[in-house]
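Take a look at the letters that make up each chain.
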Amino acid sequence: MSNSSSITQFLLLAFADTRELQLLTFWLFLAIYLAALLGNGLIITTIACDHHLHTPMYFFLLNLSLLDVGSISTTLPKAMANSLWDTRAISYSGCAAQVFLFVFLMSAEFYLLTVMSYDRYVAICKALHYGTLLGSRACVHMAAAAWATGFLNSLLHTANTFSLPLCQGNAMDQFFCEVPQILQLSCSHSYLREVELLVVSACLAFGCFVFIVVSYVQIFRAVLRTPSEQGRHKAFSMCLPHLAVVSLFISTVIFAYLKPPSIFSPSLDLVIAVLYSVVPPAVNPLIYSMRNQELMDALRKLATRCFSKA
C-alpha cells in the first residue's frame, strides 16, 4: 500500500507492447500533432494579420485555435516522448500540471463554443442588432469569461483531486493524467467530494449544450425561411460542423468522466480519450477553415504576400 505523500511519479498507459508498434504510435501522433499545430497556427496568423477578419466570429475562432494548440500540447508531447523512449513515467508535479492545464483548456473551449453558438444566433437571427449586441468590448468580455471560468473550474478540480490520499498504486489506464484516473487510485471516501464536483460541472456543461442546441434550432428555423438557396447552404455548412464538434466533445467527455465503475475497459477509455483530447484540436482547423471561403481567401492572400517577399 502507498499513499500520496510517498508517490513521486505515475505510470501512464503504454500504447503498445512491442517496440515497433510504439514507434509507429510515435510517428502517428507526431503527424497529428504537427497537423494540429500547422492548421491552428495558420488560422491564428491569418486572423491576426488580416484586418478584414477582425470581427466577432473570427475573434472567437482565434481564441478557439489558441485553446486547441494548448490542449493538444498538454497531452500528446508527453505521450510521444514515452513511446519514443519506451517509458511510462510522469512526475507527480508533471501529472498535476497536466490535469490542471487539460481541464482548464477543455473547460474554456467548451464555454467558448457556447459563446460561438450565441454569435451565430445573433448574426443570423438578430442581424440588425449584431453590432450592438456583439461589440468589441462585449466580445472581449465573453472570451475573457470563458478563459476565467475554465481556469477557476480547473483550479477547483485539480486542488480537490490531488488532496485525496492515494493507496491503489500509481499506474493509470490512460495515456495522460486526468481526474477519473486519479480517483481510481484513491482509497478514501473523500473522493466522493470530487465526484460531486464532476456532477455539478457536468450539469453546467449540459446546460451549455442545451443553450447551444436551442440556439441552433432558432438558427435553422430562420435559415429555412430564407428564400436564397445559396444563403441556406452557406448557413448550414457553417453551423452543422460546429454542432457536430460540440456534440462529439460533450458526449465523450461526459461518458469518460461520469461513466459507472462497472464499465471498465482500458481500450474503450483510450478511444474515448482520443476522441475528446486529440480529434477536436486536429479537425477544428479543417471544419472552420475549409468551409469558410472568406478565411481561405485571406489565407491565400497571406501566403501570396509571404512568397512574393521571399
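Remember, predicted model here, so these are calculated numbers, not experimental data.

Student: Talk me through the overall build of the protein; I want residue IDs and the actual numbers.
Tutor: A count of helices and strands for the protein gives 11 helices and two strands. In terms of C-alpha radius of gyration, the protein reaches 21 Å, essentially the compact-globule figure of 19 Å for 310 residues. Projecting the C-alpha coordinates of the protein onto the three principal axes gives extents of approximately 70 × 50 × 30 Å. Counting every position in the protein, which comprises 310 residues, the buried fraction comes to 45%. Look at the contacts in the protein between residues 6 or more apart in sequence, and 77% of them connect residues 24 or more apart. Per element, the accessible surface of the protein, about 15200 Å² overall, is 68% carbon and sulfur. Put simply, the protein has 17 plus and 15 minus side-chain charges, and the middle of one group is 12 Å from the middle of the other.

Student: Describe the state of the cysteines, naming the residues involved and giving the relevant values.
Tutor: Counted under the stated rule, the structure contains one disulfide. Across the disulfide, C95 is cross-linked to C177 (sulfur-sulfur distance 2.1 Å). Taking the sign of the torsion about the S-S bond as the criterion, the disulfide between C95 and C177, at about -120°, is left-handed. Taken as a pair, C95 in helix α3 (residues 92-125) and C177 in the loop between α5 (136-161) and α6 (179-184) lie far apart in primary sequence, 82 residues in all. The exposure classification of C95 matches that of C177, with both residues buried. Its sulfur unpaired, C203 is 11 Å from the next cysteine sulfur, which belongs to C208.

Student: An account of the UniProt feature "transmembrane region" (unreviewed entry) in the protein is needed here, citing residue identities and associated values.
Tutor: The feature "transmembrane region" (unreviewed entry), as annotated in UniProt, sits at residues 26-45, 57-77, 89-113, 134-156, 198-223, 235-258 and 270-290 in this numbering. Spanning residues 26-45, this segment combines 100% helix with 0% strand, and its end C-alpha atoms are found 28 Å apart. As annotated, residues 134-156 has a helix share of 91% and a strand share of 0%, and its two end C-alpha atoms lie 30 Å apart.

Student: Provide a residue-level description of the packing of aromatic side chains, including the pertinent values.
Tutor: Two aromatic rings, taken as a pair, are described by how far apart their centres are and by the angle between their planes. Scanning the model with the defined rule gives 14 aromatic pairs in all. Pairwise contacts between aromatic rings join F29, F102, F175, F176 and Y276 into one cluster.

Student: So what about the nonpolar core? Which residues, and what values?
Tutor: In a soluble, globular protein the nonpolar side chains are often hidden away together inside. Counting residues in each nonpolar core, the largest one holds 80 residues, and the members touching the most others are F10 and F110. The leading source of residues in this core is α3, at 16 residues. Look past the residues within four positions of F110 in its chain and what remains in contact with it is A205, C208, F209, I212, V246, F249 and I250.

Student: Any chance you could break down the pattern of salt bridges for me, citing the residues and the numbers?
Tutor: This structure, assessed with the given rule, holds two salt bridges. Linking D119 and R120 is a salt bridge whose minimum nitrogen-to-oxygen distance equals 2.9 Å. Here D119 matches R120 in class, with each residue buried. Here D297 makes a salt bridge to R300, at a shortest N to O gap of 2.6 Å. On the criterion of helical spacing, the pair formed by D297 and R300 is a turn pair, its members being three residues apart in helix α11 (residues 293-309).

Student: Explain the environment of V214 residue by residue, including any values.
Tutor: Of note, V214 is situated in helix α7 (residues 191-224). When its relative accessible area of 44% is taken as the criterion, V214 is described as partly exposed. Along the primary structure V214 and Y121 are separated by 93 residues, whereas in three dimensions their C-alpha atoms are 9.6 Å apart.

What counts and what doesn't
- Chains are numbered independently. Their residues run from 1 in the order of the written sequence.
- Whole-chain, interface and lining totals are the exception, using all residues; otherwise, since this is a predicted model, local features are given only for residues with pLDDT of at least 70 and side-chain atom pairs are given and counted only at 80 or more.
- As a rule here, side-chain values cover all heavy atoms of the structure and leave hydrogens and water aside.
- Secondary structure elements are defined from DSSP: runs of H or I of at least 4 residues count as helices, runs of E of at least 2 residues count as strands, and each element is numbered from the N terminus.
- With C-alpha atoms as the basis for the radius of gyration, the globule rule is written as 2.2 Å multiplied by the number of residues raised to the power 0.38.
- Relative accessibility under 20% of the residue-type maximum defines a buried residue, over 50% an exposed one, and the middle range a partly exposed one, all with a 1.4 Å probe and only protein chains included.
- Should any heavy atoms of two residues lie within 4.5 Å, those residues are counted as being in contact.
- Computed with the Shrake-Rupley method and a 1.4 Å probe, the accessible areas treat only the protein chains shown as cover for residues.
- Counted as positive: Lys and Arg. Counted as negative: Asp and Glu, with His and the chain ends omitted from the count.
- Where a charge lies is defined by one atom per residue type, namely NZ (Lys), CZ (Arg), CG (Asp) and CD (Glu).
- To count as a disulfide, a pair of cysteine sulfur atoms needs to be within 2.5 Å.
- UniProt positions are given in the numbering used here, feature names are shortened, and annotations may be inferred rather than shown by experiment.
- When two rings of Phe, Tyr or Trp (its six-membered ring) have centres within 6.5 Å they constitute a pair, described as stacked for plane angles under 30 degrees, edge-to-face for angles over 60, and tilted for the intermediate range.
- The nonpolar core is taken to be a set of buried Ala, Val, Leu, Ile, Met, Phe, Trp, Tyr and Cys residues, with the residues joined through side-chain atoms within 4.5 Å.
- A pair is scored as a salt bridge if a Lys or Arg side-chain nitrogen falls within 4 Å of a carboxyl oxygen belonging to Asp or Glu.

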